[in-house]
Structures are given as C-alpha cells and as structure tokens.
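Listed below are the residues making up each chain.
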Amino acid sequence: MSGNPGKGRDRARAPRSKVPSSNAPRSNAPPRVPEGTGFTARPNPARIAGYFGLAVLGALVALAGTLVQAAWFPGGLIIALAGSAGLFYGGRLLTGTQIGALAPAVGWFVTVFLLLSGRPEGDYVFGDELGLVLFMLGGTAVAVMCATTSKVPQSATPSGRSGI
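Named according to an unreviewed UniProt entry, the chain is DUF6113 family protein originating from Streptomyces microflavus.

Structure follows, in structure tokens:
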C-alpha cells in the first residue's frame, strides 16, 4: 500500500481550470451561414470557363463526327460515336459533375441540329438517312448515359493502384 492514502482522490476533486471544453458551443462567435452547394453555390469563373470549353469541344466533335460518319459509313459512324462518347464521359470524369457531361452534349446537339437544317439549295451535310438516324440516336443515348450516371467510379485502394 501507498504511504499517502487518498492522494488520487484529492487530485480528482481539485478544481478544474476555467478553459471551456472543446465540445461546448462558443457564445461569442457570430452565427455561420451555411455555404451553398450545387446551383446555390457562388459561381466559379474557372469552372464556367471549363464548361464553356467543353461545349466548344462538343461542337467540334459533332462537326468532325458528321463528316466522318458520312465519308466511311459503318466504320466512320463507329469512330464518330466513340469520339462523342469519349468526350461526354471525359467531361464527366474531368469535372466530377453531371454538368461536365451535359456541357459537351449541349454543344454537340446544337451543332448537329444546325447541320440538319440544310442549305437553301436543299442539301445538307449528312450523307445518308441511315447514318443520320444512327448518329443522332447513338449520340443522344451516349449523352444521356454519361449525364445520368449516379457517381464517378473511384478506386478502392488509397494509392489508386490495384496491384501490390
């Protein structure tokens, strides 16, 4: 036994310092307004410029896809749709938002519809009707799939590598 019985009890009963605990709310702090998310957040000029750049890329991919799918019908159509899918999904991965897939899709749709309107002479850029229908439906389906995916896939390992 110890020579000082009750020494530990005296320490437990000693008055505590006047420092408030970390869990206690501060009474002198001003109230914090929660920051907005999504459409209620403050606009970020860099993000807006990125979305605009993706829309311009969507217009360029639509123009190139229109010409390629008309020139080399079955192979050109596959190349055009693969390019569109790569841009839509790449925009989604790059920004991490659904708007990242919608921005190039909007540029793509606007360009394709402008090219569909034709010229005063009566002809238009698309080669044949089957290629036109497949390009429009395929591009639309890819844009919808990329824009409505629930979450961008993340790696299960912290380092991003799946091996040892």
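1. Some points on the UniProt feature "transmembrane region" (unreviewed entry) in the chain
If you check UniProt for "transmembrane region" (unreviewed entry), the listed places come out as residues 48-65, 101-118 and 130-148 in our numbering. Counting secondary structure, residues 48-65 comes out at 100% helix and 0% strand; the distance between its end C-alpha atoms is 25 Å. A distance of 27 Å separates the end C-alpha atoms of residues 130-148, which is 95% helix and 0% strand.

2. Notes on the nonpolar core
Core analysis: the biggest nonpolar cluster contains 16 residues, and Phe 88, Trp 108, Val 112, Phe 135 and Cys 146 have the highest contact counts within it. Going through the elements one at a time, α3 (73-95), α4 (99-116) and α5 (129-147) are the ones with two or more residues in this core. With 7 residues, α5 is the single largest residue contributor to this core.

3. Some details on the environment of Phe 135
Of note, Phe 135 is situated in helix α5. For Phe 135, a relative accessible area of 0% corresponds to the buried category. Sequence separation of Phe 135 and Thr 66 is 69 residues, and the distance between their C-alpha atoms is 8.0 Å.

4. Remarks on a nonpolar patch on the surface
Among the surface-exposed residues, Phe 52, Val 56, Leu 57 and Leu 60 lie close enough to one another that they form a single nonpolar patch of about 400 Å² accessible area. Position of Leu 60 relative to the elements: it lies in helix α2 (residues 45-71).

5. Overview of the packing of aromatic side chains
For the structure shown, the criterion picks out 4 aromatic pairs. Considering the side-chain rings of Trp 108 and Phe 109, the 5.2 Å spacing of their centres and the 80° angle between planes classify their relative orientation as edge-to-face. Accessibility expressed as a relative area gives 0% for Trp 108, which makes it buried. Judged by its relative accessible area of 23%, Phe 109 is partly exposed. On the numbers, 5.2 Å between centres and 55° between planes, the contact of Trp 108 with Phe 135 is tilted.

The rules behind these values
- Residues numbered from 1 in each chain as written.
- Predicted model: local features only at pLDDT ≥ 70, side-chain atom pairs only at ≥ 80, totals over all residues.
- Heavy atoms only, no water.
- UniProt positions renumbered as here; feature names shortened; annotations may be inferred.
- Helix = DSSP H or I, 4+ residues; strand = E, 2+ residues; numbered from the N terminus.
- Core = buried A, V, L, I, M, F, W, Y, C linked by side-chain atoms within 4.5 Å.
- Buried < 20%, exposed > 50% of the residue type's maximum accessible area, 1.4 Å probe, protein only.
- Patch = residues over 30% accessible without salt bridge, like charges linked within 9 Å, V, L, I, M, F, W, Y side chains within 5 Å.
- Areas by Shrake-Rupley, 256 points an atom, 1.4 Å probe, with all protein chains shown as cover.
- Salt bridge = Lys/Arg side-chain N within 4 Å of Asp/Glu carboxyl O.
- Phe/Tyr/Trp six-rings, centres within 6.5 Å; stacked < 30°, edge-to-face > 60°.

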